[in-house]
Amino acid sequence: MTRRCPTPGKIAYETREQADKVVNASLAMSLRMRAYPCPCGAYHLTSKQGAGSPRVCGYGPCERLFSPIDGARYCSRAHARKAHEKRRLARRKEESAWRKTG
Ligand SMILES: [Zn+2]
Ligand SMILES: [Zn+2]
């Protein structure tokens, strides 16, 4: 079963082997590429650009720098959870305010 590809602009490789071959070639050129399976059933490549350059934690009061892995936005799992919780509370507040006016 194949689903619609969320990144149709990317080259699709039918097998992991094909994708890995390109990854190996890119490593030789010191490009940081990685193959990943797509819901569409094919394999795509993603460049890990920016990984390694430190980033500030996305959780409000925390200003810790960390190295993002796979697009992580928070310095720790605990802060990811807290930020998530904060967003949910804000949304709930918004919803109840909406209900009052409506
Ligand atoms: Zn795809
Ligand atoms: Zn943090």
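Parameters and conventions
- Residues numbered from 1 in each chain as written.
- Chains lettered and ligands numbered in written order.
- Predicted model: local features only at pLDDT ≥ 70, side-chain atom pairs only at ≥ 80, totals over all residues.
- Helix = DSSP H or I, 4+ residues; strand = E, 2+ residues; numbered from the N terminus.
- Rg over C-alpha atoms; globule rule 2.2 N^0.38 Å.
- Buried ≥ 20, exposed ≤ 12 C-beta atoms within 10 Å, placed from the backbone.
- Contact = placed C-beta atoms within 7 Å.
- Pairing = 2+ DSSP bridges.
- Expected span 1.5 Å × (residues − 1).
- Domains from an automatic or database assignment.

Caption draft 1: Inspection of the overall build of the chain at higher detail. A count of helical and extended segments in the chain gives 2 helices and 4 strands. A compact globule built from 102 residues should have a C-alpha radius of gyration of about 13 Å, whereas the chain, at 20 Å, is more than 25% larger. Along the first, second and third principal axes, the C-alpha set of the chain runs to 55 × 35 × 20 Å. Expressed as a percentage of its 102 residues, the buried residues of the chain come to 7%. In the chain, once contacts between residues fewer than 6 apart in sequence are set aside, the share between residues at least 24 apart is 33%.

Caption draft 2: Up close: the pairing of strand 2 (residues 43-47). As judged from the 5 bridges shared by strand 1 (residues 33-37) and strand 2, these two strands associate in the antiparallel manner. Its bridge partner lying in strand 2, Arg34 is registered against Thr46. Hairpin connection between strand 1 and strand 2: a loop of 5 residues separates the two successive antiparallel strands, and Gly41 in this loop has a positive phi of roughly 100°.

Caption draft 3: Summary view of helix 2 (residues 77-101). The end-to-end C-alpha distance of helix 2 is 37 Å, a good match for the 36 Å that 25 residues give at a rise of 1.5 Å each. Counting buried residues along helix 2, only 0 of its 25 residues qualify, which leaves the element largely exposed.

Caption draft 4: Structural view of the domain arrangement of the chain. Considered domain by domain, the chain is made up of domain 1 (1-49) and domain 2 (55-101). Measuring from the centre of the C-alpha atoms in domain 1 to the corresponding centre in domain 2 gives 30 Å.

Caption draft 5: Inspection of helix 1 (residues 16-28) at higher detail. Its 13 residues place the ends of helix 1 18 Å apart at the C-alpha level, agreeing with the 18 Å of an ideal helix rising 1.5 Å per residue. Just past helix 1, the residue Ser30 takes up positive phi, approximately 50°.

Caption draft 6: Looking closely at the environment of Glu85. Checked against the element boundaries, Glu85 lands in helix 2. For Glu85, a count of 11 C-beta atoms within 10 Å puts it in the exposed group. The spacing of Glu85 and Thr15 is 70 residues in sequence and 39 Å in space, taken between C-alpha atoms.

Caption draft 7: Main features of the environment of Pro39. Residue placement: Pro39 occurs in the loop between strand 1 and strand 2. The residues touching Pro39, leaving out its near neighbours within four places in the chain, are Arg3 and Pro6.

Caption draft 8: Representation of the environment of Arg4 within the structure. Along the chain, Arg4 turns up in the segment before helix 1. We classify Arg4 as exposed; it has 7 C-beta atoms within 10 Å. The spacing of Arg4 and Cys38 is 34 residues in sequence and 9.5 Å in space, taken between C-alpha atoms.

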